[in-house]
Amino acid sequence: MSDVCFVFASNAEKDAEGVIGKYFSDADFDIKFLCSTKKEKILKKDVDLELEELNSYKLICPIGAESLKYTAGYTGVQKYNGVFIEKKYLPIMHPNMTIFKPQLNDDIVSAFSKIKPILDDENVGKEIDKDYQFIETQDQLEKILPQYEEVDTIVVDIETTSLSARKGVIIGIAMSSREHQGHFVSLDVVMNNFDYFFDLFANKRCVFHNAKFDMQFMEDSLGFVFDRWEDTMLLHYCLEESVGTHGLKPLALRFTDLGDYEKELDDYKKTFARRNKIKLADFNYGMLPMDILAPYACKDGDATFQLYNKFKPLVDKSEEFVSLYNTILKPATRALKVLERTGGPINLAQLERLDEEYKIDIEECIEEISQHSAVQRFERLHKKTFNPNSTMQLRQLFFEIIGLKSKKKTATGAQSVDKEVLQTLEHPLAHAVLDLREKSKLSGTYISNIVKGLDKDNRLRSGFNIQGTTSGRLSSSGNLNYQNIPRDNKDIKKLFKARDGYKIVQCDLGTAEVYYAAVLSNDSFLQQAFIDKLDFHSYVAKQMFNLSCEISDIKKYYPNERQYAKAITFGIMYQAGPAKIAETVNKDAAAGEEITKAQSSQFINKYFREAKSLKRFIDDSNKQIENHAFIYSHFGRKRRLPESKSPNKGVSSHAVRSGVNFLVQSVASDINLLGVIDLIDWVQDNGYADDILTFTVVHDSIVSEVREDLIDIYVENAKRCIQKDRGLSIPNCPIKVDFEVGDSWGNLSDYK
């Protein structure tokens, strides 16, 4: 018998030995099947393997989600992949997943690579000595203080009752001066020794995981300052940009010896919420008994120290990562704390009025739908009240009762009733359902969240995530997702109204992605439009369509051709084919003015005859990605694209295209973010913090509430900060920055 056993779900597995042998050959192994019959999917009742047979193995490796569930009792094979659980199990994602998700191959290889060290380790199963303590007395504190005075770097982590310092309190502070150590200091002890802790945090290098949260909470609640700090979340973001991978607990599972230490806390939360009949969303850490919270907090500190010791040396080895971390990510953390503290000014009366109006509109939409004869026929036939939110009932209504045709199907083959389909049905009921959907979404997603999240000073504070996208664009979380506010509906933006004596000022980068494509590719054809200060899409339209009028008149006399030129430019930049570009152009084309795929192909060829350097830039970038499966941006961001090696041509092509898109989009985002950083510094350095309040960044826009007599100086300096030459400008032609001013965010006009 071997020391390791790989457990598959069922005997339907084809060449199980070959699947394992491709990844593991360091030792003999056994293979077992939970279900002896050939089943593609198994349930608990199908398991006929005597699980006691597995007890004699030193290591058990469940392969895939079903095997993990029925072998070890855990769900989430991607979460536990390569994690040594209960000193007995090492779950591994099924290698077949790489067929559709080649990016998982590295994780699978990594999981298999852990088998031999575990088998060779004589200490497997033995506990590592750890120093975890809850510090609740002065005597306990004084015994641990020498350990912190002897070192330069410490870990700091807080446990709180809320994600907002305005709505919660700090329960205690976890600290570590080394790995396998954690001291959770009660808030009372901290406050009784405030001066000591103030000096400690001000003078030591403090390591956090999500520094923006911890520092902001401690600065606002306790007045601490942190002159030197590191963030393991941002260090990991440099090393691996994938969205959703940067949380402390998932990283602790992958990179520390602490395992799934959150499980006990999660189990307690669920039991507590069930017994006390509260929603899990309403649970906070203040409800945890200290014998659960304190060890958990200590492990947070230990995990953060272990991650720091792994990630920091890796980042320091890369010139690109060091630059990204020190010149963008850390300064952005400082700037975004200001935005989060500031919040957007909300007109409460208008909010209450809009909330009521939308409730009435929704009721009227529902009433209009229910009174339609087709809906009443539906209700007589099916003997139930029609639900306009039911996809199944909408299909029955439109395609069976009314007899309309759908030109689109879902992934499962059912007739689609999505927004695109309803727009093409051209039926009053379809328009009513669309209206209901839009108003319900605006009411539920935006208005109600603003109502619930509004602070007592009538400002809405939300979060900004530096690590929330692969491109570097900011994402939003919390009370309002600023990035998703509908552009074609001004109702939400109108709620953001400046106080008396102030105005809302929005600045935007002009044609940012095209500008930076021109800079990165050093393409003289593209750059000339900016040098001559021409409307870019009019400039392209004149070249593409041989228009006779002046470029300045094209927007007036040839709006369709200008729109076509815009579609062609972005289609070419993002490597859409002739068919896709023609489809995009034709969406906005008047009847009889559509272009064919052949014409689209001609336009692409003509475009590249002019923009030769752009073509070369795209081709060179494609080759880099195809050969190496990654590419670096100008500012040091690394975009890993393992899907570019996929045997599936559609998957690999999409990965390559997205990599080239990343080069342009990330630069535009970083230029804007660097502008915000410098702008916040200017505001604070010049004593304008109470009079110029930047409260959000949305894609390429920066939005501020500015005292009226400071608008001119604000515009001048915002433009200076954004247009600063960071090695990515057309000589003597910085990127255009447009400004709009108004009483509310939804009612702006050009700054003059």
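Our structure's up above, just so we're on the same page.
The structure contained in this document is the topic of the report that follows.

### Remarks on the overall build of the protein chain
Along the protein chain, the regular secondary structure elements total 30 helices and 20 strands. In terms of overall dimensions, the protein chain is globule-like: its C-alpha atoms have a radius of gyration of 29 Å, near the 27 Å expected for 752 residues. Each of the three principal axes of the protein chain carries a C-alpha extent, and together these read 80 × 70 × 60 Å. In the protein chain, which comprises 752 residues, the share counted as buried stands at 51%. Across the protein chain, contacts joining residues at least 24 apart in sequence account for 66% of those joining residues at least 6 apart. Computing the positive centroid from 99 side-chain charges and the negative centroid from 112, the protein chain places the two 5 Å apart.

### A few points about the environment of Gln-350
Take Gln-350: it is sitting in helix α15 (residues 348–371). In sequence terms Gln-350 and Lys-497 are 147 residues apart; their C-alpha atoms lie 9.3 Å from each other. Every residue in contact with Gln-350, bar those within four places of it in the chain, is listed here: Lys-494, Leu-495 and Lys-497.

### With respect to helix α30 (residues 711–723)
The end-to-end C-alpha separation of α30 is 18 Å, in line with the 18 Å expected for 13 residues at 1.5 Å each. Along α30, the residues classified as buried are Ile-711, Tyr-714, Val-715, Asn-717, Ala-718, Cys-721 and Ile-722. Contacts from the buried residues of α30 go to β14 (502–509), α29 (649–685), β17 (692–698), β18 (701–707) and β19 (737–744).

### Quick notes on the sheet that holds β19
Sheets are built from strands that pair by backbone hydrogen bonding, the pairs being arranged parallel or antiparallel. What the five strands build is an open sheet, ordered β17-β18-β14-β19-β20; its pairing is antiparallel. The open sheet has two edge strands, β17 and β20 (747–750), and neither has a second partner. Here the strands of the sheet are splayed against their neighbours by 25° on average, with no regard to which way each runs. Summarising the sheet, β14 and β18 pair through seven bridges and their orientation is antiparallel. Residue pairing across strands places Ile-504 opposite Glu-705, the latter belonging to β18. Packing against the sheet, α29 makes contact with β14, β17 and β18, and its axis sits at approximately 170° to β17.

### Observations concerning helix α23 (residues 536–545)
Across the 10 residues of α23, eight count as buried, placing the element largely inside the fold. Restricting attention to buried positions, one finds in α23 the residues Phe-536, His-537, Ser-538, Tyr-539, Val-540, Ala-541, Met-544 and Phe-545. In this structure, the buried residues of α23 make contact with α21 (512–521), α22 (524–531), α24 (551–557), α25 (559–573) and α27 (597–610). Looking one or two residues past α23, Asn-546 carries a phi angle of roughly 50°, positive in sign.

### With respect to the nonpolar core
Counting 154 residues, the largest nonpolar core has Tyr-482, Tyr-516, Tyr-607, Leu-614 and Tyr-714 as its most contacted members. Beyond its immediate chain neighbours, meaning those up to four positions away, Tyr-516 contacts Val-667, Ala-668, Ile-671, Leu-728 and Ile-735. Ala-9, Ala-16, Tyr-23 and Cys-61 belong to the second largest nonpolar core, which has 41 residues in total.

### What about the pairing of strand β8 (residues 205–208)?
The sheet contact formed by strand β5 (residues 153–160) and β8 spans three bridges and is parallel. Each residue of the ladder has a partner; that of Val-155, found in β8, is Val-207. The handedness of the β8 to strand β9 (residues 228–231) crossover, carried by helix α9 (residues 211–222), is right-handed.

### Some thoughts on the packing of aromatic side chains
A complete count under the given rule lists 43 aromatic pairs for this structure. Look at Phe-6 and Phe-29: their rings are 5.4 Å apart centre to centre, the planes differ by 85°, and that puts the pair in the edge-to-face class. Residue Phe-6 is found in strand β1 (residues 4–10), and its partner Phe-29 is found in strand β2 (residues 29–35); the two are separated by 23 residues along the sequence. On the basis of relative accessibility, which here comes to 0%, the residue Phe-6 falls in the buried class.

### Here we look at the sheet that holds β9
What the six strands build is an open sheet, ordered β4-β7-β6-β5-β8-β9; its pairing is mixed. For this open sheet the edge positions go to β4 (131–135) and β9, each flanked by a neighbour on one side alone. Here the strands of the sheet are splayed against their neighbours by 25° on average, with no regard to which way each runs. Sheet topology places β4 next to strand β7 (residues 181–186); five bridges connect them, and they run parallel. Bridged to Tyr-132 within β7 is Gly-182. Across the sheet, helix α8 (residues 194–203) lies against β5, β6 (170–176), β7, β8 and β9, angled at about 50° from β6, the strand it touches most. Those strands touched by helix α13 (residues 290–316) are β4, β5, β6, β7, β8 and β9, and its axis lies near 140° from that of β5.

### As for the environment of Ser-443
Looking at the secondary structure, you find Ser-443 in helix α19 (residues 428–453). Owing to a relative accessible area of 12%, Ser-443 belongs among the buried residues under this scheme. When the C-alpha atoms of Ser-443 and Asp-709 are compared, they prove to be 36 Å apart, with 266 residues separating the residues in sequence.

### Focus on the packing of α22 against α23
Relative orientation of the contacting elements α22 and α23 amounts to 130°, with a least axis distance of 9 Å. Of the possible angle classes, the one that applies to α22 and α23 is oblique. Once α22 is placed against α23, the crossing between them reads as right-handed. Where α22 approaches α23, its residues Phe-525, Leu-526, Gln-528, Ala-529 and Phe-530 are matched on the opposing element by Phe-536, Tyr-539 and Gln-543.

### Notes on unusual backbone geometry
Look at Asn-546: it is not a glycine, yet its phi comes out positive at around 50°. Using a relative accessible area of 62% as the deciding quantity, one classes Asn-546 as exposed. Phi is positive for Gln-575, close to 60°, though the residue is something other than glycine. As for its placement among the helices and strands, Gln-575 is situated in the loop between α25 and α26 (578–588). We classify Gln-575 as partly exposed; its relative accessible area is 22%.

### A look at the packing of α25 against α27
Contact geometry of α25 with α27 gives a least axis separation of 11 Å together with a crossing angle of 75°. For the element pair α25 / α27, the angle class is roughly perpendicular. Along its contact with α25, which presents Ile-568, Thr-569 and Ile-572, the element α27 presents Phe-603, Ile-604, Tyr-607 and Phe-608. Partitioning the contact of α25 with α27 into residue classes produces six nonpolar, one polar and no charged.

### Structural notes on the pattern of salt bridges
Following the criterion strictly, the structure yields 41 salt bridges and no others. Of the charged contacts in the structure, one is a salt bridge between Asp-107 and Arg-254, with a shortest N-O distance of 4.0 Å. With a gap of 147 residues between them, Asp-107 in helix α4 (residues 105–113) and Arg-254 in helix α11 (residues 248–255) connect regions that are remote in the sequence. Given the relative accessible area of 26%, Arg-254 is considered partly exposed. Among the ionic pairs, Glu-513 bridges to Arg-473, the shortest N-O distance being 3.5 Å. Residue Glu-513 is found in helix α21, and its partner Arg-473 is found in the loop between β12 (462–465) and β13 (475–478); the two are separated by 40 residues along the sequence. Glu-513 gets classed as buried once you look at its relative accessible area, which sits at 13%. Connected through shared salt-bridge partners, Asp-152, Arg-205, Arg-228, Glu-230 and Lys-330 make up one network.

Calculation criteria
- Residues numbered from 1 in each chain as written.
- Predicted model: local features only at pLDDT ≥ 70, side-chain atom pairs only at ≥ 80, totals over all residues.
- Heavy atoms only, no water.
- Helix = DSSP H or I, 4+ residues; strand = E, 2+ residues; numbered from the N terminus.
- Rg over C-alpha atoms; globule rule 2.2 N^0.38 Å.
- Buried < 20%, exposed > 50% of the residue type's maximum accessible area, 1.4 Å probe, protein only.
- Contact = heavy atoms within 4.5 Å.
- Lys, Arg positive; Asp, Glu negative; His and termini not counted.
- Charge placed at Lys NZ, Arg CZ, Asp CG, Glu CD.
- Expected span 1.5 Å × (residues − 1).
- Pairing = 2+ DSSP bridges.
- Axes fitted to C-alpha atoms, helices over the stretch in contact; angles between N-to-C directions.
- Core = buried A, V, L, I, M, F, W, Y, C linked by side-chain atoms within 4.5 Å.
- Right-handed = clockwise from strand over helix to strand, strands pointing away.
- Phe/Tyr/Trp six-rings, centres within 6.5 Å; stacked < 30°, edge-to-face > 60°.
- Parallel < 35°, antiparallel > 145°, perpendicular 65-115°, else oblique.
- Left-handed = near helix turned anticlockwise from the far one by under 90°.
- Nonpolar A, V, L, I, M, F, W, Y, C, P; charged D, E, K, R; others polar.
- Salt bridge = Lys/Arg side-chain N within 4 Å of Asp/Glu carboxyl O.

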